[in-house]
Amino acid sequence: MADAYVALADGRVFEARARAPGRTRGELVFTTAYTGYEESLTDPSYEEQVLTFSYPLIGNYGVRDERFESDRVHPNAAVARELTDDVAEWLESEGVPAVDHLDTRELVTSVREEGAMACGIAAGPDATPEAAKEELAECVGMSDHLDIGKQVSTDEPYTVEGGGDYDVALVDCGMKGSIATSLAERGADVHVLPYDVDADTVAELDPDVLFVSNGPGDPANFESAQALVETFTGELPLAGICLGQQIVARAFGGDTEKMAFGHRGVNQPVRDVETGQVVMTTQNHGYSVADPGDLEVTQVNVNDDTAEGLESEEFSVVTRQYHPEANPGPHDSLGFFDEVLDLAGDGSRTPVTAD
Ligand SMILES: NC(=O)CC[C@H](N)C(=O)O
């Protein structure tokens, strides 16, 4: 008998099995990634969302904290066809509701056809369809989470040391940990700063590059980070990943828009406009750059032509919509971190393109 319910904004209620109890709500999204569930579940960009895995078995190689991207689980709930006990116990210990034994193909098809949508979840012995609907009624749209940066950013600055060849000022809007370690592995000291850090604090660090991280929600709600980029345009090289690309584009007079259901997975093909080369990329985003402003679109998504890379030679800018740090892979695009540090230095460094 069902002891969990998922209520969708389109009126349907799915019966399921509770694997970690609780009530919650959020924007229902799906990832097609078949590995990397620990990385996805600890990716701060999933804050305030309910993450459905389209791959049917999640948890088959255990749970190891060395693969975590942050210090907690970020989606409000996890949904899969089958969750292993390892994952279910981990989510329960984190207080994050989880459900399985439902038709996730149907759920994913609905999101593909109707777009990412609000949902409510009730799981556990006392769960009822009404409780899931009550949660749904309380669900707030992603763009209405106005101060979502505060929920995920570091409160205090800290440094990830990498040898001191470069100093990177990294604005943490909900950073995946492997962005900092990818830069540190290449010789940079990475100064991780709160999402609303002021320009004086950045100037005092005298960094070689200003880097804006990934993060959850609508880039339009990261006004402080956008203003920071505007302040340092022309003064410092600029880089960004995912939300970071979106914020940099807005700072250069561009615009962003919400996508129907976004890109979430580990096999999104991206084409370099100049060379025609295609790489496979890891992605997790629901907004995209609709207008690059004064930046040039250098890479596009093969499936839908959305902007995947932006650059400006004049202002030393390089950004990516996908996640070059990948984790769990593919690692085709790790060279991005070499490009960033080339902007920061004199171009004489030896690139580290493979791990
Ligand atoms: N991974 C990210 O940085 C996501 C960026 C933004 N929150 C989006 O959904 O598009």
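The structure displayed is predicted, hence computed values, not measured ones.

## Some thoughts on the overall build of the chain
- Secondary structure assignment for the chain yields 10 helices and 19 strands.
- A compact globule built from 355 residues would reach a C-alpha radius of gyration of about 20 Å, and the chain, at 20 Å, matches this within 12%.
- Summarising its shape, the C-alpha atoms of the chain cover approximately 65 × 40 × 35 Å along the three principal directions.
- Expressed as a percentage of contacts within the chain between residues at least 6 apart in sequence, the contacts between residues at least 24 apart total 69%.
- By element, 43% of the accessible surface of the chain is carried by carbon and sulfur atoms, the whole surface being about 14,200 Å².
- Of the charged side chains in the chain, 21 are positive and 69 negative; the average position of the first set lies 10 Å away from that of the second.

## Some details on the pattern of salt bridges
- Overall, the coordinates contain 20 salt bridges when judged by the stated rule.
- Arginine 12 is the partner of glutamate 106 in a salt bridge, and the nearest nitrogen-oxygen pair spans 2.8 Å. Remark: arginine 12 occurs in the loop between strand E1 (4-8) and strand E2 (13-20) and glutamate 106 occurs in helix H3 (residues 104-114); sequence separation between them is 94 residues.
- According to the relative accessible area criterion, arginine 12 is partly exposed, its value standing at 28%.
- The salt bridge partner of glutamate 38 is arginine 67, with a shortest N-O separation of 2.9 Å. Note that glutamate 38 is positioned in helix H1 (residues 37-41) and arginine 67 in the loop between strand E5 (57-58) and strand E6 (77-79), a separation of 29 residues in sequence.

## A closer look at the environment of glycine 115
- When you line up the elements, glycine 115 lands in the loop between H3 and strand E9 (117-123).
- A C-alpha to C-alpha distance of 8.6 Å links glycine 115 and valine 29, two positions 86 residues apart in sequence.

## Here's the deal with the packing of helix H6 (residues 177-184) against helix H10 (residues 336-344)
- Viewed as axis vectors pointing N to C, H6 and H10 meet at an angle of 60°, and their least axial separation amounts to 10 Å. As far as their axial angle goes, H10 and H6 are oblique. At the point where H6 passes H10, the crossing takes the right-handed sense. When H6 is examined against H10, the residues Ile179, Ser182 and Leu183 are found in contact with a partner set consisting of Phe337, Val340 and Leu341.
- Grouping the constituent residues of the contact of H6 with H10 by class yields 5 nonpolar, 1 polar and no charged.

## Things to note about unusual backbone geometry
- Here glutamate 48, not a glycine, exhibits a phi torsion of approximately 70°, which is positive.
- With respect to the element layout, glutamate 48 can be found in the loop between H1 and strand E4 (49-53).
- Of note in the backbone geometry, serine 316 takes a positive phi value of approximately 50° without being a glycine.
- Tracing the backbone shows serine 316 in the loop between strand E18 (307-312) and strand E19 (317-320).

## Focus: the environment of asparagine 301
- One can find asparagine 301 in strand E17 (residues 296-301).
- Using a relative accessible area of 0% as the deciding quantity, one classes asparagine 301 as buried.
- Those residues in contact with asparagine 301 that sit more than four places away from it in its chain are His263, Gln268, Pro269, Gln283, Thr306 and Glu308.

## Brief notes about the packing of helix H8 (residues 223-232) against helix H9 (residues 243-251)
- Where H8 contacts H9, the two axes come as close as 9 Å, and the packing angle between them is 60°. As summarised for this structure, H8 and H9 are arranged oblique, according to the angle between their axes. The handedness of the crossing between H8 and H9 comes out as right-handed. Residues Ala225, Gln226, Val229 and Glu230 of H8 form the contact with H9, whose participating residues are Ile247, Val248, Arg250 and Ala251.
- Taken together, the residues of the contact of H8 with H9 break down into 5 nonpolar, 1 polar and 2 charged.

## Focus on a negative patch on the surface
- A surface patch of negative charge is lined by Asp147, Asp196, Asp198, Asp200 and Glu204.
- When you line up the elements, aspartate 200 lands in helix H7 (residues 199-205).

Parameters and conventions
- Residues numbered from 1 in each chain as written.
- Predicted model: local features only at pLDDT ≥ 70, side-chain atom pairs only at ≥ 80, totals over all residues.
- Heavy atoms only, no water.
- Helix = DSSP H or I, 4+ residues; strand = E, 2+ residues; numbered from the N terminus.
- Rg over C-alpha atoms; globule rule 2.2 N^0.38 Å.
- Contact = heavy atoms within 4.5 Å.
- Areas by Shrake-Rupley, 256 points an atom, 1.4 Å probe, with all protein chains shown as cover.
- Lys, Arg positive; Asp, Glu negative; His and termini not counted.
- Charge placed at Lys NZ, Arg CZ, Asp CG, Glu CD.
- Salt bridge = Lys/Arg side-chain N within 4 Å of Asp/Glu carboxyl O.
- Buried < 20%, exposed > 50% of the residue type's maximum accessible area, 1.4 Å probe, protein only.
- Axes fitted to C-alpha atoms, helices over the stretch in contact; angles between N-to-C directions.
- Parallel < 35°, antiparallel > 145°, perpendicular 65-115°, else oblique.
- Left-handed = near helix turned anticlockwise from the far one by under 90°.
- Nonpolar A, V, L, I, M, F, W, Y, C, P; charged D, E, K, R; others polar.
- Patch = residues over 30% accessible without salt bridge, like charges linked within 9 Å, V, L, I, M, F, W, Y side chains within 5 Å.

Nothing here speaks to function; it is all geometry.
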